[in-house]
Amino acid sequence: MIASLNFLSIIITLFFVSFIIGFFIYELVKKRREALQVLQNKLGLGKNYQNYQDLTLDLIQERQRLQNQLVQLIKTNLQVFDQLSLAIAYWDYHRDILQYSSTFARYTGLKNHEGREISIHDFPVFGSFLTKMTEDSQTVEIGTMQIKVQRIAGDSHCFFILTDLETREAEEKEKRYLTHAIWHEMKTPLTVLKGYTQLLLEEIQEPELLKICQKIDFQIERLEKTTTQLRHLPRPNETNIPIKIQDFMDMIQQVLRSWQAEVEDRQVKVQTKFEEVEEYRDRELGFSQGDLYIVASNLISNAIRFNRPHGFVSVLLHVQHEVDGF
């Protein structure tokens, strides 16, 4: 009898332990399936996975596919840069491969083959310089050329942009010459037209013709101001040089003086409020002089030209403080 009870107890205990083990196995499988489902939803995978091994293999294949797409995208971008004659290279840290445009190859003496990629450590001389760059912009000599090297670094990759300073200076001179030529060629006929219009305004007595001449005169003055703005456009190597708030205030006053005739003609009252920024007059703005001149000129001219007679124009400079600074 006692032996039978002991045997029954053993059977019950084994059953209970088996039940507990089975329950935990069931919960583990359930949680694994739920985790797999969450991963499938997050990764946008349509396949129903029963184990992590299949999921891992598919993720490896998907990663390789995306990697190949990225490589192809970089090649396509480099082809676009070739059309723009830009010297740009892309360095993939993990693959240790440098892909480059044909202009980059021409500047650095690399072989300009169709693939246009090389291990950066097999890149003679210049490759060592690129891997050891400590600043985002440096100037080096390659043969007789002065080359500015700009680096845009990411977590797993890096872009290098080369600029031939001598070629850029020649392009800047050509652009300055063209700008001056346009200004000069437009200024002369406008001056002649202005003179004839002034004569007509003095001689014409008929109200309708006088009104037409006044409109012509106004449009000529607009063109004169536009051509004058050409001379205030920044040179290409000055576009990133910021100006101080005091310079911006002086610029606004200059624009207002250029529109003084229209202000008087339309009897518009103009008010400037710069008191709030007076204490910051020596602070620099993150814009170039040319950009700010165009913005200020367009805003002020529109406010005056499209205002009503006896209207009001207020030019207010306001300081907005941010968490990280001015």
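Residues numbered from 1 in each chain as written. Predicted model: local features only at pLDDT ≥ 70, side-chain atom pairs only at ≥ 80, totals over all residues. Heavy atoms only, no water.

Student: Explanation requested: the overall build of the chain in the structure shown.
Tutor: Per the secondary structure count, the chain includes nine helices and 10 strands. For the chain, the proportion of its 326 residues judged to be buried stands at 28%. Within the chain, contacts between residues separated by at least 24 positions form 51% of all contacts whose residues are at least 6 apart in sequence. (Helix = DSSP H or I, 4+ residues; strand = E, 2+ residues; numbered from the N terminus. Buried < 20%, exposed > 50% of the residue type's maximum accessible area, 1.4 Å probe, protein only. Contact = heavy atoms within 4.5 Å.)

Student: Honestly, the packing of aromatic side chains in this entry has me stumped. Any pointers?
Tutor: Where two aromatic rings form a pair, the distance of their centres and the angle of their planes describe that pair. Going through the model one piece at a time under the given rule, you end up with seven aromatic pairs. Ring-pair connections join several aromatic residues into one group, and the members of that group are Tyr100, Phe104, Phe123, Phe126 and Phe129. (Phe/Tyr/Trp six-rings, centres within 6.5 Å; stacked < 30°, edge-to-face > 60°.)

Student: For this particular structure, what's the right way to read the nonpolar core?
Tutor: Formed by 24 residues in total, the largest nonpolar core has its most connected members in Phe248, Ile252, Phe274, Val277 and Leu317. Of all the secondary structure elements, the ones that give two or more residues to this core are helix 7 (245-258), helix 9 (289-305) and strand 10 (312-316). Among the elements that make up this core, the one with the highest residue count is helix 7 (seven residues). Not counting residues within four places of it along the chain, the set of residues in contact with phenylalanine 274 comprises Met249, Ile252, Gln253, Val315 and Leu317. Membership of the second largest hydrophobic core comes to 23 residues, among which are Leu110, Ile118, Met133 and Met145. (Core = buried A, V, L, I, M, F, W, Y, C linked by side-chain atoms within 4.5 Å.)

Student: Which parts of the structure should I look at to understand unusual backbone geometry?
Tutor: A negative phi holds for most residues other than glycine; trans holds for most peptide bonds. Look at glutamine 267: it is not a glycine, yet its phi comes out positive at around 55°. Along the polypeptide, glutamine 267 turns up in the loop between helix 8 (260-266) and strand 8 (269-273).

Student: Mind showing me how you'd approach the pairing of strand 6 (residues 157-164) here?
Tutor: Both strand 1 (residues 87-92) and strand 6 contribute to a ladder of six bridges, which runs antiparallel. Counted as the bridge partner of tryptophan 91 is cysteine 158 from strand 6. Of the strand pairs in this sheet, strand 5 (residues 145-153) and strand 6 are connected by seven bridges, and their pairing is antiparallel. What sits directly across from valine 149, in strand 6, is leucine 162. From the end of strand 5 to the start of strand 6, which pair antiparallel, there are three residues. (Pairing = 2+ DSSP bridges.)

Student: What am I meant to see in the pairing of strand 2 (residues 97-100) here?
Tutor: It is a general feature of regular strands that their side chains alternate between the two faces of the sheet. Neither face of strand 2 is exposed, since Ile97 and Gln99 on one face and Leu98 and Tyr100 on the opposite face are all buried. Of the strand pairs in this sheet, strand 1 and strand 2 are connected by four bridges, and their pairing is antiparallel. In the sheet register, tyrosine 90 faces strand 2, and the bridge partner there is glutamine 99. Between the antiparallel neighbours strand 1 and strand 2 lie four residues, among them aspartate 96 with a positive phi of about 55°.

Student: What should I look at first to understand helix 9 in this one?
Tutor: Each α-helix turn comprises 3.6 residues. Residues three or four places apart therefore point the same way. Between its first and last C-alpha, helix 9 extends 24 Å over 17 residues, near the 24 Å set by a 1.5 Å rise per residue. For helix 9, the set of buried residues is Gly290, Leu292, Tyr293, Ala296, Ser297, Ile300, Ser301, Ile304 and Arg305. Along the long axis of helix 9, the arc covered by the buried residues comes to 165°, so they all point the same way. (Expected span 1.5 Å × (residues − 1). Arc of directions from axis to C-beta.)

Student: How should the sheet that holds strand 6 be read in this particular structure?
Tutor: In any sheet, the strands associate via hydrogen bonds between backbone groups, in a parallel or an antiparallel arrangement. If you walk across this open sheet you meet the six strands as 3-2-1-6-5-4, and the pairing is antiparallel. In the strand order of this sheet, the two ends are held by strand 3 (117-119) and strand 4 (137-142), each with one partner. Sheet twist, expressed as the mean angle between neighbouring strand axes with direction ignored, is 25°. (Axes fitted to C-alpha atoms, helices over the stretch in contact; angles between N-to-C directions.)

Student: I keep staring at the environment of serine 101 and nothing clicks. Help me out?
Tutor: Among the structural elements, serine 101 can be located in the loop between strand 2 and helix 3 (102-108). Placed 21 residues apart in sequence, serine 101 and valine 80 show a C-alpha to C-alpha distance of 8.9 Å. Sequence-distant contacts of serine 101, defined by excluding residues within four places in its chain, comprise Leu78, Phe81, Asp82, Leu86, Ala87, Ile88 and Arg116. A distance of 2.8 Å separates the side chain of serine 101 from the backbone oxygen of leucine 86, its partner in a polar contact. (Polar contact = N/O pair within 3.5 Å; in protein donor to acceptor, adjacent residues only side chain to side chain.)

Student: Sorry, what's going on with a nonpolar patch on the surface here?
Tutor: A surface patch of nonpolar side chains, amounting to about 330 Å² of accessible area, comprises Leu178, Ile182, Met186 and Leu223. Top element by residues in the nonpolar patch is helix 5 (residues 165-203). It accounts for three residues. Here methionine 186 shows up in helix 5. (Patch = residues over 30% accessible without salt bridge, like charges linked within 9 Å, V, L, I, M, F, W, Y side chains within 5 Å. Areas by Shrake-Rupley, 256 points an atom, 1.4 Å probe, with all protein chains shown as cover. Salt bridge = Lys/Arg side-chain N within 4 Å of Asp/Glu carboxyl O.)

Student: Would you mind going over the environment of threonine 131 with me for this structure?
Tutor: Locating threonine 131 in the fold gives a position in helix 4 (residues 126-131). Along the backbone, threonine 131 and cysteine 158 are 27 residues apart, and their C-alpha atoms lie at a distance of 10.0 Å. Beyond its immediate stretch of four places on either side in the chain, threonine 131 contacts Trp91, Ile120 and His121. Within the structure, the side chain of threonine 131 is placed 2.9 Å from the backbone oxygen of serine 128, a separation counted as a polar contact.

Student: When you look at the side chain of arginine 305 in this model, what are you seeing that I'm missing?
Tutor: Relative to the helices and strands, arginine 305 is located in helix 9. Glutamate 262 provides the closest opposite charge to the buried, unpaired arginine 305, separated from it by 8.2 Å. In terms of polar contacts, arginine 305 uses its side chain to reach the side chain of asparagine 302, at 3.3 Å. Non-local contacts of arginine 305, meaning those with residues more than four positions away in its chain, are made with Phe218, Arg222, Trp259 and Arg266. (Lys, Arg positive; Asp, Glu negative; His and termini not counted.)

Student: Which parts of the structure should I look at to understand the packing of helix 7 against helix 9?
Tutor: Packed helices, taken two at a time, are described by the angle their axes make and the gap between the axes. Packing of helix 7 against helix 9 leaves a shortest axis separation of 10 Å and a crossing angle of 40°. By the angle between their directions, the pair helix 7 and helix 9 is classed as oblique. For the element pair helix 7 and helix 9, the recorded crossing hand is right-handed. Residues Phe248, Met251, Ile252, Gln254, Val255 and Leu256 of helix 7 pack against Gln289, Leu292, Tyr293, Ala296, Ser297 and Ile300 of helix 9. Tallied by class, the residues present in the contact of helix 7 with helix 9 amount to nine nonpolar, three polar and no charged. (Parallel < 35°, antiparallel > 145°, perpendicular 65-115°, else oblique. Left-handed = near helix turned anticlockwise from the far one by under 90°. Nonpolar A, V, L, I, M, F, W, Y, C, P; charged D, E, K, R; others polar.)

On their own, these measurements won't tell you what the molecule is for.
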